Amino acid sequence: MASSGIPPLDAGIDALAAMLHSGELTATALADAMLTRIDDRNGGAPSFDGAPEAINAWVHVAPDTTLRHAADADRRLATGDRSPLCGIPIAVKDLFAVAGEPVTASSRVLDATPAARDSAAWAALAEAGAVYAGHTHTHEFAAGGTTDQVGNPWNLAHSPGGSSGGSAAAVAAGMVPVALGTDTAGSLRIPAAMCGVSSFKPTYGRVALNGVIPLATTLDHAGPIARTLADCAAVLPALSSARAARDPWGVFGRLTRAAGRSRSESPGGSDGEGPVKGMPQARLAGVRIAITPRVDRVDLDPDVRDGYERMRDLLADLGAEIVELPAPDDLTSAEYDTILVAEARAFHARYRDRADRYRPSVRAFVDPGAAPLPVDAYLRAQARRCEVTAGWDAWFRTHRVDALLEPTTAVTAPLRGHGYDADKPAGGTDPYTTFTATWNVTGMPVAALPAGLGARSGLPVGVSLIAPHDADERLLTLGIALQDAAPPPAWRPALLGSSDG
C-alpha cells in the first residue's frame, strides 16, 4: 500500500517510479501485487475462448519469468538505477516476441514454441528495466475489432474492442499499469475508447515492429495503452529508442518525455460525467483545434456524440481556438482494403496448410490459400495513399492546425458472441474504424482518451486528437492538458464482485 493509501497498482507510472526509487516499494512486491490482482480479476486462468463471466484478458502469464525480471529490477534499483521504467510491469499483446515465452497471436494456427529472441520493442523496454507481465489476448492475428474471447471490464456481456482488446481490458481492470498493442486500422484506439482508458499511436515507424507478428506491414503501428496519456508518455521514450531494421518509410529518433505532468494520475478518476470543477482555464490558449464534417457524415451513437461534444466544449473552455474546416479526400474503402488485404494475405500464405485452424471470420479475411491480389491494383492504392497523405499534410500546414478532434469510434462496445462469425466485416468501413483507419493511411500520430461514460449505455466513450507527422510530443502535451481537466472514469472492482483494493 502506497503512503497515500492508494494501492500501488492504481498509481500512475511517475508515482510508481518514485516509490521504487525511494525504496518505499520493491519491484518484487509490485510484481506480486500484480499477479495477485490478475488472479482476482481475470476470471480464472487464461483460456483460448474465454467465458461469459470472465474478463480473460491474458493469453499467457508466467509468474516465474515476472518475478525473475522483478528481482533483476530490484538489483538495478539497489545500485541507483534511475530509469523511470525500472521495476514497472508491462504487458505485451500476443504479437510481440519475448525471448523464452510463447507468442501465438491468440490463434491455434501457431504453436506455443518459446520465442528465440525479443522483439525490438520489448528489448528496449527490458533494457530500461521493465518487468514482463504476460501476453494479452488479441483478436486472432489482429484481424478484427472485437477480441470476443475477452470481456469488457465495464460490462462482461460486451466486447472490449480490438484488436488489442486484451491489453485494454487488462489496463482498465487495473491488472497492469500499461500494455503494448498494435494498430492497423484503429486497434490501439478502439479498445482504449471502449474500455475507458488511453492510448497513443505514434507517427508511423516511430516504434520498431521487428519481432512483431504483422497484419499489414505498411499500415501497422505499435504503441502503449495505459490509464492516462501521461503514463503513455512515460513509456514512449524507451519504446521509441527500440533498434529498428532500417526501411525507406520509417521515422526514427527517440522521443523525450512530453512537457507537462498529468494531475489525473490518482485512481479516483472522474464520475464519467465531465470535467473536474475548478480546473484552471486557458491552459490551451493559442492552440488551434479543428473539427470537420467527417463527424456529421456518420451515424454516431448518442453516447458517443455526447462525449465528443463535451470534449469539444471543454477544449474551448481551456482556451483553445475551435475552427470548423472541410476535410481533405480520404482513401475509398476499396483502396484501403486493397492495401490491407494484399499485405495480410501475403503474410498468411505461409499457413495455407493450417487454414482449418483459423476462426471463421479470420480465415475468410486472410484466406491463406487465395491467389495474390493483382500488383497493379495494390500499387494504384498505394499511389492514392500518397496523394491522400499529402492532402492532409497540406491541410494541417495551410490551416495552422495543431490537432484535429474526432470521436474515436462511432459506437460503444458491442455485445460479445459474434465477433468471429464468418460474415463479420473486417477492413476500413465498419463503425469501429470509420474515424481511425485514415490515420493508419497517413501515418499521423493520434492520442486517444476517454470522454466519460455514456448516459444511456453506461459504457465508456472516447475521443482522439490527431496531429501532423512527427508532432508526437506536442500532441501528448495537448492530450495531457485535456485529460487533466477530464480524468478517465474510475472503474470499480465491485463490478466483478472483487474485494481487492
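Counting from 1, residues in each chain are numbered in the order their sequence is written. Totals for whole chains, interfaces and linings use all residues, but because this is a predicted model, local features are given only for residues with pLDDT of at least 70 and pairs of side-chain atoms are given and counted only at 80 or more. Hydrogens and water are ignored here; the side-chain numbers use all heavy atoms of the structure.

Participant: Help me understand the sheet that holds strand 10 (residues 446–453), please; the structure alone is not making it clear to me.
Facilitator: Two orientations exist for strands paired in a sheet by backbone hydrogen bonds: parallel and antiparallel. Strands qualify as paired when DSSP identifies two bridges or more between them. Segments assigned H or I by DSSP are reported as helices when at least four residues long, segments assigned E as strands when at least two residues long, and all are numbered from the N terminus. Taken in spatial order, the 11 strands line up as 1-3-2-4-6-5-10-11-9-7-8 in an open sheet, and their pairing is mixed. In this open sheet, the two edge strands, each paired with only one partner strand, are strand 1 (58–60) and strand 8 (321–324). Ignoring which end each strand starts from, the neighbouring axes of this sheet average 30° apart. Sheet analysis places strand 10 next to strand 11 (residues 460–466), joined by 6 bridges and oriented antiparallel. The residue bridging Val 446 from the neighbouring strand is Ile 466, located in strand 11. Where helix 11 (residues 375–398) meets the sheet, its contacts fall on strand 7 (288–291), strand 9 (403–407) and strand 11, and the angle it forms with strand 9 comes to roughly 115°. Between N-to-C directions, angles span 0 to 180 degrees; the directions come from axes that are lines fitted to C-alpha atoms, helices contributing only their stretch in contact. A contact between two residues is defined here by any heavy atoms of the two lying within 4.5 Å.

Participant: How should I be thinking about the environment of Ala 364 in this particular structure?
Facilitator: Following the sequence through the fold, Ala 364 ends up in helix 10 (residues 360–366). The sequence separation of Ala 364 and Ala 422 amounts to 58 residues, and the corresponding C-alpha distance is 6.8 Å. Leaving out residues up to four positions away in the same chain, Ala 364 has contacts with Arg 345 and Ala 422.

Participant: Is there a simple way to explain the pairing of strand 11 in this structure?
Facilitator: Regular strands show a simple pattern: their side chains alternate between the two faces of the sheet. Summary of the burial criterion: residues with accessible area below 20% of their type's maximum are buried, those above 50% are exposed, and those between are partly exposed, where the area comes from a 1.4 Å probe applied to protein chains only. The buried fraction of strand 11 is high, at 7 of 7 residues. Burial of the side chains of strand 11 extends over both faces: Pro 460, Gly 462, Ser 464 and Ile 466 are buried on one face and Val 461, Val 463 and Leu 465 on the other. Pairing geometry for strand 9 and strand 11, over 4 bridges, is antiparallel. Each residue of the ladder has a partner; that of Pro 407, found in strand 11, is Val 463. Connecting the antiparallel pair strand 10 and strand 11 is a turn made up of 6 residues, with Gly 458 showing a positive phi of about 75°.

Participant: Just checking my understanding: could you explain the confidence of the model for the chain for this structure?
Facilitator: A low pLDDT means the predicted coordinates there should not be read in detail. Known as pLDDT, the predictor's confidence for each residue is given on a scale from 0 to 100. In this model, the chain carries a mean pLDDT of 91, and residues with pLDDT of at least 70 account for 89%. pLDDT under 50 marks residues 263–268. Its contacts with residues more than four places away, or in other chains, come to 29 contacts.

Participant: Explanation requested: the packing of helix 9 (residues 333–348) against helix 11 in the structure shown.
Facilitator: Look at helix 9 against helix 11: their axes get within 9 Å of each other, and the N-to-C directions meet at 125°. By the angle between their directions, the pair helix 9 and helix 11 is classed as oblique. Classified by chirality, the crossing of helix 11 by helix 9 is left-handed. Contacts between helix 9 and helix 11 involve Glu 335, Thr 338, Ile 339, Ala 342 and Glu 343 on the former and, on the latter, Ala 377, Tyr 378, Ala 381, Gln 382, Arg 384 and Arg 385. An angle below 35 degrees is treated as roughly parallel, one above 145 as roughly antiparallel, one from 65 to 115 as roughly perpendicular, and anything else as oblique. Left-handed describes a crossing in which the near helix is turned anticlockwise from the far one by less than a right angle; the clockwise case is right-handed.

Participant: Would you explain the packing of helix 7 (residues 229–239) against helix 13 (residues 472–485) in this entry?
Facilitator: Two measures define how a pair of helices packs: the angle their axes make with one another and the distance between the axes. Between helix 7 and helix 13, the least distance of the axes is 9 Å, while the angle of their chain directions is 150°. Taken together, the axes of helix 7 and helix 13 are roughly antiparallel relative to one another. Contact residues: Leu 229, Ala 230, Ala 233 and Leu 236 in helix 7; Leu 476, Gly 479, Ile 480 and Gln 483 in helix 13. Following the grouping adopted for this structure description, the nonpolar residues are Ala, Val, Leu, Ile, Met, Phe, Trp, Tyr, Cys and Pro, the charged ones are Asp, Glu, Lys and Arg, and the polar ones are all others, Gly among them. Among the residues making up the contact of helix 7 with helix 13, the classes are represented as 6 nonpolar, 2 polar and no charged.

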